[in-house]
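# Per-entry structural report
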Amino acid sequence: MGVVKKAGKKVPGTVKKLYYRTIPFSYRYEKTYRNTLDELITNESRNTHDLIEEQQKNLVGLIEHAVTNVPFYRNFVRENALSLKDFQTSDDLAKLPIVSKETINKDPSAFLDERIDPSSLIEFKTSGSTGTKFIFKGDDSMFKKEAAFVTRAYRSHGSRLYDDWSFWIRRYVPESDKGPLFKTDHEMRRIYMSAYHLNNSSVHDYVSLINKHKFDTISTYPSSAYSLACLLEEENLSIPYVKSIHLASEMLIDEWAERIRKALPGVKV
């Protein structure tokens, strides 16, 4: 992810911490991240008509790219007697098939741009916690563009993800029953907490750590936020420094949202 970032990976632990503390995230993720974020922020002040017009233009270009260079879509268009003229608006996406993880897993190469050497790509994986595991390939820019979208989302509720520290009750599970419940990530400026070990006993340790560091943002699953809210009420605990809880990966049902807001008054969900 860039010369600066790669250099940071090679230095000793103490120096690495200093590197992550002093080099802003936006420079470690380079121009792709900064340009994408700048575009997203600029778009927030543009009128809807112009955005829709640009969206349609980009969509047509993307479909043309896929039909020209990606075997799955080229074959589908040919077999169904379609052409690029059939794709002019977002409504035309209904003419393309809904693609499942299973479909891609059967023949991953059919979804790759033929002009790109697969060995140059990075392998992405999902855990399969919601069903089927998913493995696909992409390039380094995917990380940076995704980070820009995530940054914009967190900024919408006042959090400075990547620039400020945050708690993540997700993406971490101890390797053994005796492993630590928490893990510090200096690169991403996060403290990870296991979402699978929240209970009436451990929640005291979670709350103690949260209140000690006073980070104002928690990122977690809706179900974990609900569990945390229930445990806070049951154990008569509070996390007064938290200003927002960012939820992802699951649907937030009304009952959970109500319980979270009740246990954490004033916190943005």
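One can find the structure itself at the top, above this paragraph.
Residues numbered from 1 in each chain as written. Predicted model: local features only at pLDDT ≥ 70, side-chain atom pairs only at ≥ 80, totals over all residues. Heavy atoms only, no water.

A word on the packing of aromatic side chains. Throughout the structure, instances matching the rule amount to 17 aromatic pairs. Residues Trp165 and Phe215 carry aromatic rings whose centres are separated by 5.8 Å and whose planes lie at 25° to one another, so their mutual orientation is stacked. Placement of Trp165 in the loop between helix 8 (141–155) and strand 3 (166–169) and of Phe215 in the loop between helix 9 (203–213) and strand 6 (217–220) is noted, with a sequence separation of 50 residues between them. Note on Phe215: relative accessible area 12%, which makes it buried. Positioned above the aromatic ring of Tyr27 is the side chain of Arg34, whose terminal nitrogen or guanidinium carbon lies 4.8 Å from the ring centre. Positioned above the aromatic ring of Trp168 is the side chain of Arg190, whose terminal nitrogen or guanidinium carbon lies 3.7 Å from the ring centre. (Phe/Tyr/Trp six-rings, centres within 6.5 Å; stacked < 30°, edge-to-face > 60°. Helix = DSSP H or I, 4+ residues; strand = E, 2+ residues; numbered from the N terminus. Buried < 20%, exposed > 50% of the residue type's maximum accessible area, 1.4 Å probe, protein only. Lys NZ or Arg CZ within 6 Å of the ring centre and 35° of its normal.)

Taken together, the five strands give an open sheet; going across it, the order is 4-5-3-6-7, and neighbouring strands pair in mixed fashion. Each edge of the open sheet carries a strand with a single partner, namely strand 4 (182–185) and strand 7 (244–247). The mean angle between the axes of side-by-side strands here comes to 20°, regardless of whether they run parallel or antiparallel. Together, strand 3, strand 4, strand 5 (190–193) and strand 6 form the strand contacts of helix 9, whose direction differs from that of strand 5 by roughly 170°. (Pairing = 2+ DSSP bridges. Axes fitted to C-alpha atoms, helices over the stretch in contact; angles between N-to-C directions. Contact = heavy atoms within 4.5 Å.)

What follows concerns helix 10 (residues 222–234). In a regular helix each residue adds 1.5 Å, so 13 residues correspond to 18 Å; helix 10 covers 18 Å between its end C-alpha atoms and thus fits that length. Where the residues of helix 10 are buried, they touch strand 3, helix 9, strand 6, strand 7 and helix 11 (254–263). (Expected span 1.5 Å × (residues − 1).)

Another point: the side chain of His157. Considering the arrangement of structural elements, one finds His157 in the loop between helix 8 and strand 3. For His157, a relative accessible area of 14% translates into the label buried. There is a polar contact of 3.2 Å between the side chain of His157 and the side chain of Ser244. Setting aside residues no more than four positions away along its own chain, His157 makes contact with Ser244, His246 and Lys268. (Polar contact = N/O pair within 3.5 Å; in protein donor to acceptor, adjacent residues only side chain to side chain.)

A few words on the nonpolar core. Counting residues in hydrophobic clusters, the biggest one holds 27 residues, and the most contacted among them are Phe167, Met193, Ile218, Leu228, Ile239, Ile245 and Leu264. Those elements giving two or more residues to this core turn out to be strand 3, strand 5, helix 9, helix 10, strand 7 and helix 11. (Core = buried A, V, L, I, M, F, W, Y, C linked by side-chain atoms within 4.5 Å.)

The next subject is helix 5 (residues 48–69). For helix 5, built from 22 residues, the straight-helix expectation of 32 Å at 1.5 Å per residue is met to within 8% by its first-to-last C-alpha distance of 31 Å. For helix 5, the set of buried residues is Gln56, Leu59, Ile63, Ala66, Val67 and Asn69. In the core, the buried residues of helix 5 are packed alongside helix 6 (71–79). For helix 5, the N-terminal cap is Asn47; the gap from its side-chain oxygen to the backbone nitrogen of His49 is 3.1 Å.

Two elements in contact, helix 10 and helix 11, have axes separated by 9 Å at closest approach and are oriented at 45°. Our classification of the angle between helix 10 and helix 11 gives oblique. Seen from above, helix 10 lies across helix 11 with left-handed handedness. For the pair formed by helix 10 and helix 11, the contact residues are Pro222, Ser223, Ala225, Tyr226, Ala229, Cys230 and Glu233 on the first element and Glu255, Trp256, Arg259, Ile260, Lys262 and Ala263 on the second. When the residues that make up the contact of helix 10 with helix 11 are grouped by side-chain class, the tally is eight nonpolar, one polar and four charged. (Parallel < 35°, antiparallel > 145°, perpendicular 65-115°, else oblique. Left-handed = near helix turned anticlockwise from the far one by under 90°. Nonpolar A, V, L, I, M, F, W, Y, C, P; charged D, E, K, R; others polar.)

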